[in-house]
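# Per-entry structural report
If you want the building blocks of each chain, they are given just below.
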Protein chains: 2
Amino acid sequence: MSIGTPAAPAVPRAVGDARRLLPPALARWTDGLEPALRDMCAYQMGLRDAHGRPTGTAAGKLLRPAFTLLCARAAGGDPAAAVPAAVAVEFTHNASLIHDDIMDGDRERRHRPTVWARYGVPMAVLAGDTLFGLAFEVLTAPDAGLPPDACRHLARTLRHLMAGQCHDLRFAETETPPIDACLAMMEGKTGALLGCACRLGALSADAPAGWDERFHEFGTHLGVAFQLVDDLLGIWGDPLLTGKPVGADLRARKRSAPVVAALSAPGAASGRLARLYAAPGPLDGGALELAAALVEEAGGRAFAAAEARRRIDMAWERLVSLDIPADARAELEQLTAQLADRRW
Amino acid sequence: MSIGTPAAPAVPRAVGDARRLLPPALARWTDGLEPALRDMCAYQMGLRDAHGRPTGTAAGKLLRPAFTLLCARAAGGDPAAAVPAAVAVEFTHNASLIHDDIMDGDRERRHRPTVWARYGVPMAVLAGDTLFGLAFEVLTAPDAGLPPDACRHLARTLRHLMAGQCHDLRFAETETPPIDACLAMMEGKTGALLGCACRLGALSADAPAGWDERFHEFGTHLGVAFQLVDDLLGIWGDPLLTGKPVGADLRARKRSAPVVAALSAPGAASGRLARLYAAPGPLDGGALELAAALVEEAGGRAFAAAEARRRIDMAWERLVSLDIPADARAELEQLTAQLADRRW
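Residues numbered from 1 in each chain as written. Chains lettered and ligands numbered in written order. Predicted model: local features only at pLDDT ≥ 70, side-chain atom pairs only at ≥ 80, totals over all residues. Heavy atoms only, no water.

An unreviewed UniProt entry annotates chain A as (2E,6E)-farnesyl diphosphate synthase of Sphaerisporangium rufum. Under Sequence similarities (unreviewed entry), UniProt gives the following word-for-word description of chain A: "Belongs to the FPP/GGPP synthase family." (UniProt positions renumbered as here; feature names shortened; annotations may be inferred.)

Next up, the structure:
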């Protein structure tokens, strides 16, 4: 370690498990797809490069599958048995990313062209549909070892996910929503799937009755915290670490939580920010820096950071009464803390 | 009945059952969606008009749900018990229509603007995703009374559906495919879901072991026949009956089965058709009529009609050894015959 570089945080075991167990399991399923669909789906997940060549790894943080594996352990099960559930969650996540990138017109993700930018909108619609379907196929495979309920929980999650994305799209077009509506949108858009990821982990561990519901709520609150941190990084994140252009969310005039909180606040900074968002022309260069400063001055940054901490507390409250093995609990705490403090 | 008008064919009981049972069941599920998604999904299915007002009915032929209800009866069950399966099939069908219209750039369906033309591409992507998810939610509802296998069959069907649509998109862009590849594409694009519709009917009737597989194959072959008739109507159908512009498929230079068969045939007509398809500029007016005449002269029309009959024979072969109640068998025959001979 060179002097002046902060120590990299220890990688929690579940993240290591996910990085080791997921790529081959994901590839086994995508390899069975029609070749053109296989290449697109595998490209999205980093399982193949832009020329269809296998990479032997997977892109992304694999955060959701890591939570599935870890919650399986927390519920007394074996993480290896939770791999089908984790795969289904990761497919669902990537399906929604492919479609979100179409809806938002985003051309770049993880330093690479998005699926629609690389393969065109029609094929990208199809790739997303394929991954949504594949998630259910994984979950219902005879050897997945999951109760029939698992499929119903994933289906419900999709409904909440779509409702969240729908509100997100509408917020982008219309008046600034109240901050509560913004947080409710985040519960759908990000909370629902992380909640499902945690629940499916518990279900695959054959947890005691009622535990899966607790894990679901734990993950839902955590998902909102995760999205709040994401929103902060979308304004103040380092492009080298996030893989997104600097000030990406402001550039797109997104009404993310810090922006909505700032716009709802009293004071001059809020008014100046509103005029900047309403002005025509691109938001870049000095205007971008000014917008970020105004969000901060109006309290948007502090609100989002505090709300993230509050959601993490709410998440933990759901698990407090459960008899979770000490090592799994410690690791959940470690992962949660890293999530709240991450820079990517 | 006025003189000179041919008698309308008798409506098979299953179609009547579908028209009576499906609209309220579909609406019960869509009514639970986030309002903007509800309105779009209900608009697609004709459950609501373009202003979100309930219509009390549903658009479309409801052919797939009719087959689900009828196959339930044929397998010794009660059609009312097959309604959840029929609803799931109809949601899946409409989800794929919404996304297909985006991919194909089609602005009109059933005499109305398509969902993307009415609500924009981003919202239409979301509406399709919502209906795909809702199909699984219906299928796994506690009172649906279906075996867990049902969910796996629908998930597999999506994979085949997407593979078929993928080939269809590629055929539209590249060289003319061999006719076998074209028929394989149709098995995915139309056969898979009708096969699933029939299978889910049998599954909801708790049919003897192995029956659901037979019904699946029956429906798959029938689906290809159905698509072949659709392709014929896409060239020679009456716009007033089909709801599509005259010569719609030729206008879009689609490589539908009659066109592919014509292009693969030897002779002058085939070559002239190929040049017409390769020429720049819109295909309309006299060129449209000429193209239709050339497809016919090169044998494309006769091929598609013969292949449709052959597929229907193959479909019936799958059921021949099953002990199906006489009235249900007669009705399946009636519905199949009408399908082969339909003008809409």
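All right, on to unusual backbone geometry then. A negative phi angle is the norm for most residues apart from glycine, just as the trans form is the norm for most peptide bonds. The residue Arg110 of chain A is not glycine, and still its phi comes out positive at about 50°. As for its position among the elements, Arg110 of chain A is in the loop between strand S1 (108–109) and strand S2 (112–113). Residues other than glycine seldom take positive phi values, yet Arg253 of chain B does so here, at roughly 50°. Tracing the sequence through the fold places Arg253 of chain B in the loop between helix H11 (248–251) and helix H12 (257–264). (Helix = DSSP H or I, 4+ residues; strand = E, 2+ residues; numbered from the N terminus.)

Here we take up the confidence of the model for chain A. Of all residues in chain A, 97% have pLDDT values of 70 or greater, and the mean over the chain is 93. Contacts of residues 1–5 of chain A to residues separated by more than four positions or lying in other chains number one contact, the stretch itself having pLDDT below 50. (pLDDT = per-residue confidence, 0-100. Contact = heavy atoms within 4.5 Å.)

Residues and elements named next belong to chain A. Inspection of the secondary structure puts Val89 in helix H4 (residues 83–104). In this structure Val89 comes out as buried when scored by relative accessible area, which is 0%. In sequence terms Val89 and Gly299 are 210 residues apart; their C-alpha atoms lie 35 Å from each other. (Buried < 20%, exposed > 50% of the residue type's maximum accessible area, 1.4 Å probe, protein only.)

Rotating chain A by 180° and translating it 0.0 Å along the rotation axis places it on chain B, where the RMSD comes to 0.0 Å. On this basis, the relationship between the two copies can be described by a two-fold rotation axis. Among all residues of chain A, the minimum C-alpha distance to the rotation axis is found for Pro148 of chain A, at 2.9 Å. Both copies present the same face, since 100% of the interface residues in chain A are matched by interface residues at the equivalent positions in chain B. (Least-squares fit on C-alpha atoms with pLDDT ≥ 70 in both.)

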